[in-house]
Amino acid sequence: MNILTEKFNTPYHSAPFDKIKNEDYLPAFKALIQQSEEEINALINNPEEPTFENTIEALAFSGEQLDVASNIFFNLNSAETSDELQKIAQEVSLILTEYSSKISQNEALFNKIKKVYDAKEKYNLNEEQQMLLNETYKGFVRSGALLNEEDKEKLKKISMDLSLKSLQFGQNVLASTNQYFKHITNKEDLAGIPEAIIEQYAEEAKERNLEGWVVTLQYPSYIPFMTYAENRELRKEIALANGKKSFDGGEFDNQNLIKELLNLKQQKAELLGYKNYADYVLEERMAKSPTKVIDFLNGLLTKAKPYAEKEIEELKALAKADGIDEMQGYDHAFYAEKLRKAKYDLNDEELKPYFPLDQVQEAVFGLAKQLFGLTFKERNDIPKYHEDVKVYEVFEAGSVKLEDGSHDPEKTFKSLLYVDYFPRKGKRAGAWMTSYKNQYQKDGENSRPHISIVCNFSKPTKDTPSLLTFQEVTTLFHEFGHALHGMLANTQYPNLSGTSVKWDFVELPSQFLENFCYEPEFLKTFAKHYKTGEVLPDEKIEKIEQSKNFMEGYQTMRQLGFGLLDMNYHTKVAELANKSVKEFEDDYTKATQLYPANPETAMSPSFSHIFQGGYSAGYYSYKWAEVLDADAFQYFKETGIFNPETAAKFKILLSSGGTKDPMELYKNFRGSEPKVESLLKRAFG
């Protein structure tokens, strides 16, 4: 018996990480694919007339255990991978893509779906059922159901190639990141860097059996070095190493892979009748078209650029005083920190003692309780995939049966929440929210989700707990916003649940929650010195508030650069035939660049969001969602940031998942469409 093929005998049927072995995966996927195919065949061979229940609904609930196994496998491949797991991932990706193509291009299945779709007026469907029917039909059409057999085969081959190559892209970035480290033996080279960070570098060296200090390209190591190191030559060296990730012509270079991925996406789009991949993607987004996205980004660029240029002039004046005539990108963080300290008398190292990770987590848990009635209780008997991971039961006020069958009016089980905060060799960089199990309702039971937050914060040392920079505080709130979207899910079907929404809507909950980090009345409840218990002084809270928009112009230009580059990659792939990746990148980020381009570096080869993750032709979503979150929080400010009625309306938006059009959901909450002026007012006053 394979542990992955059965319903798990664990609390809440949670993933049995302690029992899963690498050799379980391939046999499990093969068995579960066969089981899912049998379910689909039973649906197809049902002699009864196709109906919503026996076709659309049956399909929505098929392959449940396969989905669970896939979530476990791919989440571990991001958070706790190994060479062996990465090899297995290549094979697993192939068989899953083949299975997916086989289902989505199954003519007999599609004919049944089409029959129900064409006769939808005769069914008395509620709003969610209508959405499921429409999304199912469109999903099959967009997966090639209307193509002839030859083109279906072509599409299947393209999908398999895309799956493998995007996986390879991510593996290359991880390997390239892990490959580099800077060994420092002279402490003078660490001048300017706070002692707590130096201690972190010493721990890294110790782990590698080296004397002295080691700086890596992992963010908790790289960012502080670029921010505080006075040694400009070392800043340059480490920044160049970071900018060369998968761009050095070596074993893990991604330049050819980028061209291959983009060509495959273009072929896919053309095969399905679209002009380019962006047209294909945006048909299913709030933005609808590449023209609308580019106009949106360029409109923001016009407004933000003067602010950004003014900010850079301030930095250049500081650099000039140090004898630097031409500032480079690797000087930015250092002088931005200097200016921030001069303007607001703030630096991350002064603030960090007030933000120990445990306190920040308690604050975000407390906010979830105040706004949405959620409580969190750690469980030590639920299996974990690494000793650093913690697992929480999430409850909500109500009267529904608990796991043991009892009733507790104060505790309705809502979700499991896994938190995984610290970097390690087998974990990719950055921060993300994901799920191990979706929420859905079936046979009278509301099956609750299992959600995970993964970050890369500084580990505690023998003398100091994990202390967060203020940016890391906002990162935790951001990912927790995504987690709330998952935990509060309350829909009927798993494929419309939680974060299964239009991609340019998915960042609203996460970016919305970040706003609370800047509210004095909330900050005072948790920003307390880990040694003395002293509350962060009012003047520092005021400075945080004042510094909220510090370098906002620069940050906006950076995000717009990524968004424009992404959109141009996915609309102008033909241009790449005669250009290098570097030339293309420089051409389409030129308007947003505030420092000289460096011929030795490029960000595209490590741009995992669009070449490995789900943000292809979708990176603009961050800025798009900023308009939504600024407008939404403005509403909270108008009614009171903890106003229960406003929070209750937002909770409905969060719990609705993808059951309604996102603009309709937003208008139901806010009473009107979002206004870009809310973002401009927040960003630039």
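Residues numbered from 1 in each chain as written. Predicted model: local features only at pLDDT ≥ 70, side-chain atom pairs only at ≥ 80, totals over all residues. Heavy atoms only, no water.

Enquirer: Now, about the pattern of salt bridges: what can you tell me, with residues and values included?
Expert: Per the counting criterion, the structure on display carries 50 salt bridges. Between Glu-284 and Lys-502 there is a salt bridge whose closest N-O contact spans 3.4 Å. Of this pair, Glu-284 sits in the loop between helix H12 (277–282) and helix H13 (290–321) while Lys-502 sits in the loop between helix H17 (470–487) and helix H18 (508–514), placing them 218 residues apart in sequence. For Lys-502, a relative accessible area of 18% puts it in the buried group. We note a salt bridge from Lys-352 to Glu-349, for which the minimum N-O separation is 3.3 Å. Classification of Lys-352 by relative accessible area gives buried; the value is 7%. Residue class for Glu-349 comes out buried when judged on its relative accessible area of 17%. Overlapping salt bridges, with partners in common, bring together Glu-80, Asp-420, Arg-424 and Lys-427 in one network. (Salt bridge = Lys/Arg side-chain N within 4 Å of Asp/Glu carboxyl O. Helix = DSSP H or I, 4+ residues; strand = E, 2+ residues; numbered from the N terminus. Buried < 20%, exposed > 50% of the residue type's maximum accessible area, 1.4 Å probe, protein only.)

Enquirer: Break down the pairing of strand E6 (residues 432–437) for me, citing the residues and quoting the values.
Expert: As a general feature of sheets, a regular strand has side chains that alternate between the two faces. In terms of residue burial, E6 counts as a mostly covered element, since six of its six residues are buried. Sheet topology note: the E6/strand E9 (residues 450–454) ladder contains five bridges and is antiparallel. Within E9, the position partnered with Lys-437 by the bridge is His-450. (Pairing = 2+ DSSP bridges.)

Enquirer: Outline the packing of aromatic side chains, listing residues and values.
Expert: Per the counting criterion, the structure on display carries 61 aromatic pairs. With centroids separated by 4.3 Å and ring planes inclined at 35°, the aromatic side chains of Phe-512 and Phe-650 adopt a geometry described as tilted. Linking Phe-512 in helix H18 with Phe-650 in helix H25 (residues 644–655), this pair joins segments that are 138 residues apart in sequence. There is no split in this pair, since Phe-512 and Phe-650 are both buried. Note that Arg-142 overlies the ring of Tyr-280, its terminal NZ or CZ placed 4.0 Å from the centroid. The aromatic ring of Phe-181 is capped on one face by Arg-208, whose charged end is 4.5 Å from the ring centroid. (Phe/Tyr/Trp six-rings, centres within 6.5 Å; stacked < 30°, edge-to-face > 60°. Lys NZ or Arg CZ within 6 Å of the ring centre and 35° of its normal.)

Enquirer: Could you give me a rundown of the UniProt feature "domain: Oligopeptidase A N-terminal" (unreviewed entry) in the protein, with the residues and numbers involved?
Expert: Cross-referencing UniProt, the feature "domain: Oligopeptidase A N-terminal" (unreviewed entry) maps to residues 30–152 in the present numbering. Along residues 30–152, the helical share is 76% and the strand share 0%, with 23 Å between the first and last C-alpha atoms. (UniProt positions renumbered as here; feature names shortened; annotations may be inferred.)

Enquirer: Account for a negative patch on the surface, naming residues and giving values.
Expert: Together, Glu-38, Glu-39, Glu-64 and Asp-67 make up a region of like negative charge exposed at the surface. Elements that contribute at least two residues to the negative patch include exactly helix H1 (25–44) and helix H3 (64–79). With respect to the helices and strands, Glu-64 occurs in helix H3. (Patch = residues over 30% accessible without salt bridge, like charges linked within 9 Å, V, L, I, M, F, W, Y side chains within 5 Å. Areas by Shrake-Rupley, 256 points an atom, 1.4 Å probe, with all protein chains shown as cover. Lys, Arg positive; Asp, Glu negative; His and termini not counted. Charge placed at Lys NZ, Arg CZ, Asp CG, Glu CD.)

Enquirer: Provide a residue-level description of the sheet that holds strand E3 (residues 374–379), including the pertinent values.
Expert: Strand order in the open sheet made by the five strands is E3-E4-E5-E9-E6, with mixed pairing throughout. Whereas interior strands pair on both sides, the edge strands pair on one side only; in this sheet they are E3 and E6. Within this sheet the neighbouring strands show an average axis-to-axis angle of 30°, counted without direction. The sheet contacts of helix H16 (residues 357–372) involve E3, strand E4 (390–396) and strand E5 (412–420), and relative to E3 the element is tilted by about 140°. In the packing of H17 onto the sheet, contacts are made with E3, E4, E5, E6 and E9, and the angle to E9 comes to roughly 175°. (Axes fitted to C-alpha atoms, helices over the stretch in contact; angles between N-to-C directions. Contact = heavy atoms within 4.5 Å.)

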